[in-house]
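Observations on chain architecture
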Amino acid sequence: MGIYRDLGRDFDEWLDWVVREAEVYDYGRYPIKGMGVWLPYGFKIRKHVIELMRNLLDSTGHEEILLPLLIPDNILAKESEHVRGFEDQVYWVTHGGLTPLEVKLALRPTSETPLSYLESLWIKSYRQLPKKYYQFVSVFRYETAATRAMIRVREVTTFKEAHTLHSTYEDSERQVAEAIEVYSKFFRELGIPFVISKRPEWDKFPGAIYTIAFDTLMPDGRTLQIGTVHNLGRSFTIAFNVWIHMPDGSMDYGWQTSYGISERVIASLISIHGDAVGLRLPFRYAPVQVVIVPIPAGPEEVWKEVTSLCNGVAEELRARGVRVVLDDREDMTPGDKFYYWERRGVPLRIEVGPREVRSGSVTVVRRDDRSRVSVRLGELAKAIEAIGEEYDKAIKTEALEAFGKRVLRVSSTSEAERAVADGYIVEMPWCGRISCATEAEIRVGGKALGTPLKTAEREVEGLHCPVCGDRARTLMRFSKRY
């Protein structure tokens, strides 16, 4: 098994198949390219993932807001470097009905500009800071590259953007560290392995001092950016006159950070844990944690005992807060039901037949390894909780171990080229010159992800940049990228 197992089909084909067959996401049939539809089952997955992030943000003093979708052109244009970064991706509204608008309106590509404008009205004193806002919204970007379900879309429907304002650079740096910790907890909880890199200067967020990125590795050997954290410095506060009254009585511009995730998190969750049969969702975040399947056999009175026991088990588990479904459909065989719920990634299955009725127990089957265990009825609720925890630990460990084997440290561009072609993330000595990094991208056949957040001097001691031969100052990561 493992996240780099053979899914039994091409990964692109597998992803399209699994989101369709598991009724997660309808993609490619809505008559606008790059826009998908969340189906009820997928929307429940999305809900649990969002709630996890919402809880993490709320617990660290963030406040949820909701900004307008439309941004006036004169507001968006105030920060020139930011606009240049998005100018070829913006959707514009130019008419209200049949009437041309005096100022054209952008569909939100991100919210640094409108929030900075509002902060210039809301925030006046250091006593009001820090301010930590976030929202879950749609953003729109006119992707010209090939679109992919949840991975590269034109309407990002699950965009969590956080925006913070601080009185000092030092406090903005503290906020960056907090954001990195929040995201690390989030991805670890979902069992999504990652590397954290400081993006190269040419690949940072428009207007930022620097960008930190979280990347995971998909089953096709390409990295997917699943989260970013930006120290925005004072680019936007200067552009929008966000003046702060400081403790010494002076006036100065505030400092900002921003950080975001999208439905790429759910694409990663599906792809990293899934297998050739379908989804394998974490127990804690699965829309259905347990499915109960009656096994018909024997005379009618026995069948009544089976269904009665199934109903009792379902009621007991629901009372304990377990998300459970009793599949008592009469037009499907037990085997068809097994496959139906395995495809949807339900972590645990409870089978109840005449044998279980006689023994006063049920059979619990895990989705990951299909191991089976008989559990006495009086111990069921506690056992389900324990088995669910074991299941989550197992799929997280599997994903982490598989990912760890796919991050390699190399010393030459030829080694890097072979490894990147085979679907690895490589770390290669780098002198720090942009010209060497861009040349390395050509030789390696991959993109520069950035440098590790912390590289000890001893890690590069005696190493040399394989492009120019000069002493290495750090490491640069390369991979194929989405």
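A brief structural summary. Not measured: the values here are computed from a predicted model.

Side note on the packing of aromatic side chains
Counted under the stated rule, the structure contains 18 aromatic pairs. Here the aromatic rings of Tyr91 and Phe140 are separated by 6.5 Å at their centres, their planes lie at 80°, and the arrangement is edge-to-face. Of this pair, Tyr91 sits in the loop between helix H4 (80-86) and strand S5 (92-96) while Phe140 sits in strand S7 (residues 131-140), placing them 49 residues apart in sequence. In this structure Tyr91 comes out as partly exposed when scored by relative accessible area, which is 22%. What makes Phe140 buried here is its relative accessible area of 10%. Judged by centre distance (6.0 Å) and plane angle (90°), the ring pair of Tyr134 and Phe136 falls under edge-to-face. Taking the relative accessible area as the measure of exposure, Tyr134 reaches 1% and is therefore buried. Classification of Phe136 by relative accessible area gives buried; the value is 17%.

Examining the sheet that holds strand S6 (residues 99-107)
Pairing is antiparallel across the open sheet formed by three strands, whose spatial order is S4-S6-S5. Two strands bound the open sheet, and with one partner strand each, they are strand S4 (70-72) and S5. Direction aside, the axes of adjacent strands within the sheet are offset by 45° on average. Taken together, the four bridges between S5 and S6 define a ladder with antiparallel strand orientation. When the bridges of S6 are listed, Val93 appears paired with Leu105.

Topic: the nonpolar core
Val24, Phe186, Phe187 and Ile270 are the most contacted members of the largest nonpolar core, which totals 69 residues. Residues within four places of Phe186 in sequence aside, it is in contact with Val49, Leu52, Met53, Leu56, Ile261 and Val265. Within the second largest apolar cluster, 24 residues are counted, among which are Ala314, Leu380, Ile384 and Tyr391.

Observations regarding a nonpolar patch on the surface
Nonpolar side chains collect at one region of the surface, where Tyr30, Ile32 and Val37 lie side by side and expose about 250 Å² of accessible area between them. With respect to the secondary-structure elements, Val37 resides in strand S2 (residues 37-38). The class of Val37 is partly exposed, set by a relative accessible area of 35%.

Describing the environment of Leu449
Note on placement: Leu449 falls in strand S22 (residues 447-452). Considering only alpha carbons, one finds Leu449 and Asp215, 234 residues apart in sequence, at a separation of 8.2 Å. Ignoring anything within four residues of it in the chain, the contact list for Leu449 reads Ser197, Lys198, Arg199, Pro200, Asp215, Thr223, Ile425, Arg477, Phe478, Ser479 and Arg481.

Considering the sheet that holds strand S17 (residues 348-352)
Pairing in this open sheet of five strands is mixed, and the strands run S16-S15-S17-S18-S19 from one edge to the other. Among the strands making up the open sheet, the edge pair consists of strand S16 (324-326) and strand S19 (372-376). Each adjacent strand pair in this sheet contributes to an overall mean axis angle of 25°, direction not counted. Bridge analysis of strand S18 (residues 361-366) against S19 gives five bridges, and the strand direction is antiparallel. Bridging from a neighbouring strand, Ser361 pairs with Arg376 of S19. Each of strand S15 (290-294), S16, S17 and S18 touches helix H9 (residues 300-319); the most contacted strand, S15, lies at about 170° to it.

Here's the deal with the pattern of salt bridges
Considering all chains together, one arrives at 37 salt bridges under this definition. Notably, a salt bridge pairs Arg372 with Glu351, separated by 2.7 Å at the nearest N-O pair. Taken together, the residues Arg372 in strand S19 and Glu351 in strand S17 connect sequence positions 21 residues apart. Residues Arg355 and Glu356 are paired through a salt bridge, measuring 3.7 Å at the closest nitrogen-oxygen approach.

Structural notes on the side chain of Asn231
Take Asn231: it is sitting in strand S11 (residues 222-233). In this structure Asn231 comes out as buried when scored by relative accessible area, which is 0%. Within the structure, Asn231 has its side chain in polar contact with the side chain of Glu173 (distance 2.8 Å). Ignoring anything within four residues of it in the chain, the contact list for Asn231 reads Tyr169, Ser172, Glu173, Val176, Ala208, Ile209, Tyr210 and Gln256.

The rules behind these values
- Each chain has its residues counted from 1, following the order in which its sequence is written.
- Reporting in this predicted model follows two pLDDT cut-offs: at least 70 for local features of residues, and 80 or more for side-chain atom pairs to be given and counted; totals over whole chains, interfaces and linings ignore these cut-offs and use all residues.
- To get the side-chain values, take all heavy atoms of the structure and skip hydrogens and water.
- What counts as a ring pair is set by centres within 6.5 Å for rings of Phe, Tyr and Trp (its six-membered ring), and what kind of pair is set by the plane angle: stacked under 30 degrees, edge-to-face over 60, tilted for all other angles.
- Each helix is a run of DSSP H or I of at least 4 residues and each strand a run of E of at least 2, with the numbering of both proceeding from the N terminus.
- Relative accessible area decides the class of each residue, using a 1.4 Å probe on protein chains only: under 20% of the type maximum gives buried, over 50% gives exposed, and in between gives partly exposed.
- When DSSP finds at least two bridges between two strands, those strands are taken to pair.
- Axis definition: a line fitted to C-alpha atoms, limited for helices to the stretch in contact. Angles are taken between N-to-C directions and run from 0 to 180 degrees.
- We call a set of buried Ala, Val, Leu, Ile, Met, Phe, Trp, Tyr and Cys residues a nonpolar core when their side-chain atoms join them within 4.5 Å.
- Any two residues whose heavy atoms approach within 4.5 Å at even a single point are treated as in contact.
- Exposure above 30% relative accessible area and the absence of a salt bridge qualify a residue for a patch, where like charges join within 9 Å and nonpolar side chains (Val, Leu, Ile, Met, Phe, Trp, Tyr) within 5 Å.
- Per-residue accessibility takes into account occlusion by the displayed protein chains alone, with areas from the Shrake-Rupley method and a 1.4 Å probe.
- Here, a salt bridge means any Lys or Arg side-chain nitrogen found within 4 Å of an Asp or Glu carboxyl oxygen.
- What qualifies as a polar contact is a pair of N or O atoms within 3.5 Å, subject to a donor-acceptor requirement within protein and to the restriction that residues adjacent in sequence count only when both atoms come from side chains.

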